[in-house]
Amino acid sequence: GDSVTQMEGPVTLSEEAFLTINCTYTATGYPSLFWYVQYPGEGLQLLLKATKADDKGSNKGFEATYRKETTSFHLEKGSVQVSDSAVYFCALSAQGAQKLVFGQGTRLTINP
Amino acid sequence: DAGVIQSPRHEVTEMGQEVTLRCKPISGHNSLFWYRQTMMRGLELLIYFNNNVPIDDSGMPEDRFSAKMPNASFSTLKIQPSEPRDSAVYFCASSYRGGATYNEQFFGPGTRLTVL
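Details of the overall build of chain B
Helix and strand content of chain B: 0 helices and 11 strands. Going residue by residue from the N terminus, the α and β elements of chain B occur as β-β-β-β-β-β-β-β-β-β-β. Over its C-alpha trace chain B gives a radius of gyration of 14 Å, about what one expects of a compact globule, namely 13 Å for 116 residues. Structurally, chain B occupies a C-alpha span of about 45 × 30 × 25 Å along its principal axes. Among the 116 residues that make up chain B, the fraction classed as buried is 48%. For chain B, the share of sequence-separated contacts (at least 6 apart) that also reach a separation of at least 24 residues comes to 55%. Here chain B has roughly 5,800 Å² of accessible surface; of this, 50% comes from carbon and sulfur atoms. Both charge centroids of chain B, one from 11 positive and one from 12 negative side chains, sit 3 Å from each other.

With respect to the sheet that holds strand β9 (residues 75-77) of chain A
Residue and element names in this part refer to chain A. Strand order in the open sheet formed by 4 strands is β3-β9-β8-β7, with antiparallel pairing between adjacent strands. The open sheet has two edge strands, β3 (19-21) and β7 (56-59), and neither has a second partner. Shown here is a sheet whose adjacent strand axes are inclined to one another by a mean of 15°, direction ignored. Both strand β8 (residues 62-65) and β9 contribute to a ladder of 3 bridges, which runs antiparallel. Bridged to Phe-62 within β9 is Lys-77.

Topic: the interface of chain A and chain B
It is common to give the size of an interface as the accessible area lost on bringing the parts into contact. Taken together, the contacts link 17 residues of chain A with 20 residues of chain B. Together, Leu-44, Gln-98 and Lys-99 of chain A form the three largest contributors to the area buried by chain A at its contact with chain B, with a combined 39%. Between chain A and chain B we count 1 salt bridge in total. For Asp-56 of chain B, the salt bridge identified is with Lys-99 of chain A, shortest N-O distance 3.0 Å. Linking chain A to chain B there are 8 residue pairs in polar contact (both at pLDDT 80 or more). Those elements giving two or more residues to the side of chain A that touches chain B turn out to be β5 (32-38), β6 (44-50) and β10 (86-93) of chain A. Among the elements that line the side of chain A that touches chain B, the one with the most residues is β5 of chain A, at 4 residues.

A closer look at the sheet that holds strand β1 (residues 5-7) of chain B
Residues and elements named next belong to chain B. Read from one edge of the open sheet, 4 strands run β1-β3-β8-β7, paired in antiparallel fashion. At either end of the open sheet lies a strand with only one pairing partner, and these are β1 and β7 (65-71). Strand after strand, the sheet turns through a mean of 15° between neighbouring axes, direction not considered. The pairing of strand β3 (residues 19-24) with strand β8 (residues 74-79) spans 5 bridges and is classified as antiparallel. Looking at the pairing, Leu-21 lines up with Leu-77 of β8.

Notes on the nonpolar core
In this structure, Trp-35, Leu-47, Leu-48, Phe-73, Leu-75 and Tyr-88 of chain A are the most contacted members of the largest nonpolar core, which totals 26 residues. Elements that contribute at least two residues to this core include exactly β2 (11-14), β3, β4 (23-26), β5, β6, β8, β10 and β12 (106-111) of chain A. The biggest single contributor to this core is β10 of chain A, with 4 residues. Residues Ile-26, Trp-34, Leu-46 and Val-115 of chain B belong to the second largest nonpolar core, which totals 21 residues.

Thresholds applied
- Residues numbered from 1 in each chain as written.
- Chains lettered and ligands numbered in written order.
- Predicted model: local features only at pLDDT ≥ 70, side-chain atom pairs only at ≥ 80, totals over all residues.
- Heavy atoms only, no water.
- Helix = DSSP H or I, 4+ residues; strand = E, 2+ residues; numbered from the N terminus.
- Rg over C-alpha atoms; globule rule 2.2 N^0.38 Å.
- Buried < 20%, exposed > 50% of the residue type's maximum accessible area, 1.4 Å probe, protein only.
- Contact = heavy atoms within 4.5 Å.
- Areas by Shrake-Rupley, 256 points an atom, 1.4 Å probe, with all protein chains shown as cover.
- Lys, Arg positive; Asp, Glu negative; His and termini not counted.
- Charge placed at Lys NZ, Arg CZ, Asp CG, Glu CD.
- Pairing = 2+ DSSP bridges.
- Axes fitted to C-alpha atoms, helices over the stretch in contact; angles between N-to-C directions.
- Buried area = accessible area lost by both parts, 1.4 Å probe.
- Salt bridge = Lys/Arg side-chain N within 4 Å of Asp/Glu carboxyl O.
- Polar contact = N/O pair within 3.5 Å; in protein donor to acceptor, adjacent residues only side chain to side chain.
- Core = buried A, V, L, I, M, F, W, Y, C linked by side-chain atoms within 4.5 Å.

Now the structure itself:
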């Protein structure tokens, strides 16, 4: 079945550091890919998405590119802030499907 | 818009008791999803509805779990009887299912359930 694998956390960085959180997926066809963010005590929020190969999703300084050849959707940010501390989830929905399949989540902590 | 509303935010109960979690989706949305989040299993989809009809309940753990959506603005997830292993955060999410290939799911704040 479809699955998503994220790099294990927790990840701890200093403010203004470069961030990469790896995400790879297994799915047939052309799924849509997402990054969701969960701040402490809150529900998940959509951070960015890409619906076809080579698309780049971006939001709030975060970017991720849909790489069909490597089945990857890595999340990057050039300069992180303390306010980016949260849990980040990579997810996919199969082509034409509504269900989201989530990775296990990566906890990110940014120190000032 | 108030977003997806869940109640209660926290629930502590004893093993064997019935638990009912409630969700009000965003007005105008026609799809509703129930998820469970635990440290061990991560985020799992339990069931989802389209236009108040259950479409896929393959994630419901066992017969102790049931979900209903009597109208477009309300859904419940019931656990009877509850067990300690049901302790988790339960999220409700809603979306509008239309002609687009993808429709963003909006999550509620979750209900943290503790079964003693």
